[in-house]
Amino acid sequence: MNKVKPFIISKWQVMRAYELVKANAGAAGVDKQSLSDFERNLQDNLYKLWNRLSSGSYFLPPVKAVAIPKKTGGERILGIPTVSDRIAQMVVKLEFEPQVEPHFLADSYGYRPNKSALDAVGITRQRCWRYDWVLEFDIKGLFDNIPNDLLLKAVYKHTDIPWVKLYIERWLTAPMQMADGELIKRDKGTPQGGVVSPVLSHLFLHCVFDKWLQNHYRNTPWCRYADDGVVHCQSEAEAQHMLEVLKYRFQSCGLELHPVKTKIVYCKDGSRKENYEQTSFDFLGYTFRRRLCRNSKRNSVFVNFTPAVSKTAMKSMRQRVRDLRVRVRTELSLEQVAKWLNPMINGWIN
């Protein structure tokens, strides 16, 4: 006689989660099991995972710490789950994300279905024409510093499904295994690299920033993509005020504004004549500053405050071309080189 599972989780949902994880590929975790290794005994592995999730006996392995270089220098630590754990996290994400997504606001773009960084750049471009000042902000170490108690409070508010709450609680405290094998206990943050981490961090910032700003500064436009955001202001005094209140707001919620990447910017163009130290900012790989633009209808040139590819992004593109070693591929014809490079170049242009 089959025992009744305490949690109702569909086997098809586990299969769907596996298909999504496979499509995203990814490296092996602490058990060194790759996707191809997992697939050698796919049916049994998926059944075992479903059985443990449904019975409440699924306990998380440590996440693998992997250091990757930042474009701006330094390193970022990713927490790479095992293949089976990525599938388990995807099962929870498939259940949890539809519950929270309807509550998110239109001006938050990161980690959301049918929203992109280009959408965020586009709306920011339009608002910079209407507002003279911008407060550009960046949250220092977002994924590493989210307080567990406040995050779980937000999770509990948006779901009453016991197994979703149980496994999110366990993921938040899963240890991180360093390169030398040392296990580091975790009591805050959600590892960057985890499947469920983006929706959790987005939910946290929805409560801490998006909804708070809507409630207290309803007429102040803003845009946020993950931990990067902008607030548009009518004056320098308003921008200074927003900087102070946001510093305090984030600090009271366990986070800190990045002291270098957070700044007030004057959107100087052809008609805005004030002198100010900062007249440009980088947002999502684009530099916003005054540029010469052409009005095709009037066949005239004017100065506008508008985005184009940033120096950091351009440097990354040049390095990518160098790494491809195109110049030494003398055996290729021009047509073959074009076929090889054009998809990448078209992506940059788009």
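Refer to the structure printed above.
Residues numbered from 1 in each chain as written. Predicted model: local features only at pLDDT ≥ 70, side-chain atom pairs only at ≥ 80, totals over all residues. Heavy atoms only, no water.

K.L.:
Summarise the overall build of the protein; cite the residues concerned and give the values.
P.N.:
Helix and strand counts for the protein stand at twelve helices and eleven strands. C-alpha atoms of the protein, sized along the principal axes, occupy 80 × 65 × 40 Å. When the 350 residues of the protein are sorted by exposure, 44% land in the buried category. Of the side-chain charges in the protein, 53 are positive and 36 negative, and the distance between the mean point of each set is 4 Å. (Helix = DSSP H or I, 4+ residues; strand = E, 2+ residues; numbered from the N terminus. Buried < 20%, exposed > 50% of the residue type's maximum accessible area, 1.4 Å probe, protein only. Lys, Arg positive; Asp, Glu negative; His and termini not counted. Charge placed at Lys NZ, Arg CZ, Asp CG, Glu CD.)

K.L.:
Requested: an account of the nonpolar core, with residues and values cited.
P.N.:
In terms of nonpolar packing, the biggest core is built from 67 residues, with I87, V231, L246 and F250 touching the most fellow members. For this core, the leading source of residues is helix α9 (residues 197–216), giving nine residues. C128, V134, V230 and F281 belong to the second-largest nonpolar core, a separate cluster that totals 14 residues. (Core = buried A, V, L, I, M, F, W, Y, C linked by side-chain atoms within 4.5 Å.)

K.L.:
Give me a nonpolar patch on the surface: which residues, what numbers.
P.N.:
A grouping of V321, I345, W348 and I349 is seen on the molecular surface, where their side chains present a nonpolar patch of about 340 Å² in accessible area. Of all the elements, helix α12 (residues 334–349) adds the most residues to the nonpolar patch, at three residues. Relative to the elements of secondary structure, I345 occurs in helix α12. (Patch = residues over 30% accessible without salt bridge, like charges linked within 9 Å, V, L, I, M, F, W, Y side chains within 5 Å. Areas by Shrake-Rupley, 256 points an atom, 1.4 Å probe, with all protein chains shown as cover. Salt bridge = Lys/Arg side-chain N within 4 Å of Asp/Glu carboxyl O.)

K.L.:
Pulling in residues and values, what's your account of helix α5 (residues 117–130)?
P.N.:
The terminal C-alpha atoms of α5 lie 21 Å apart, and with 14 residues this matches the ideal 20 Å at 1.5 Å per residue to within 8%. Here α5 has its buried residues at A120, V121, I123, T124, R127 and C128. Summarising the contacts, the buried residues of α5 are in contact with β3 (133–138), β6 (222–225), β7 (228–233), β9 (281–283), β10 (286–295) and β11 (300–309). Where α5 begins, the capping side chain belongs to S116, and its oxygen is found 3.4 Å from the backbone nitrogen of L118. (Expected span 1.5 Å × (residues − 1). Contact = heavy atoms within 4.5 Å. Polar contact = N/O pair within 3.5 Å; in protein donor to acceptor, adjacent residues only side chain to side chain.)

K.L.:
Please set out the sheet that holds strand β8 (residues 263–266) residue by residue, giving values where relevant.
P.N.:
Read from one edge of the open sheet, four strands run β6-β7-β3-β8, paired in antiparallel fashion. Sheet topology places β6 and β8 at the edges, where each strand pairs with a single neighbour. Neighbour-to-neighbour, the strand axes of this sheet turn through a mean angle of 20 degrees, independent of strand direction. When β3 meets β8, the two strands line up antiparallel, connected through four bridges. Residue pairing across strands places E136 opposite K263, the latter belonging to β8. In the packing of α9 onto the sheet, contacts are made with β3, β6 and β7, and the angle to β6 comes to roughly 175 degrees. (Pairing = 2+ DSSP bridges. Axes fitted to C-alpha atoms, helices over the stretch in contact; angles between N-to-C directions.)

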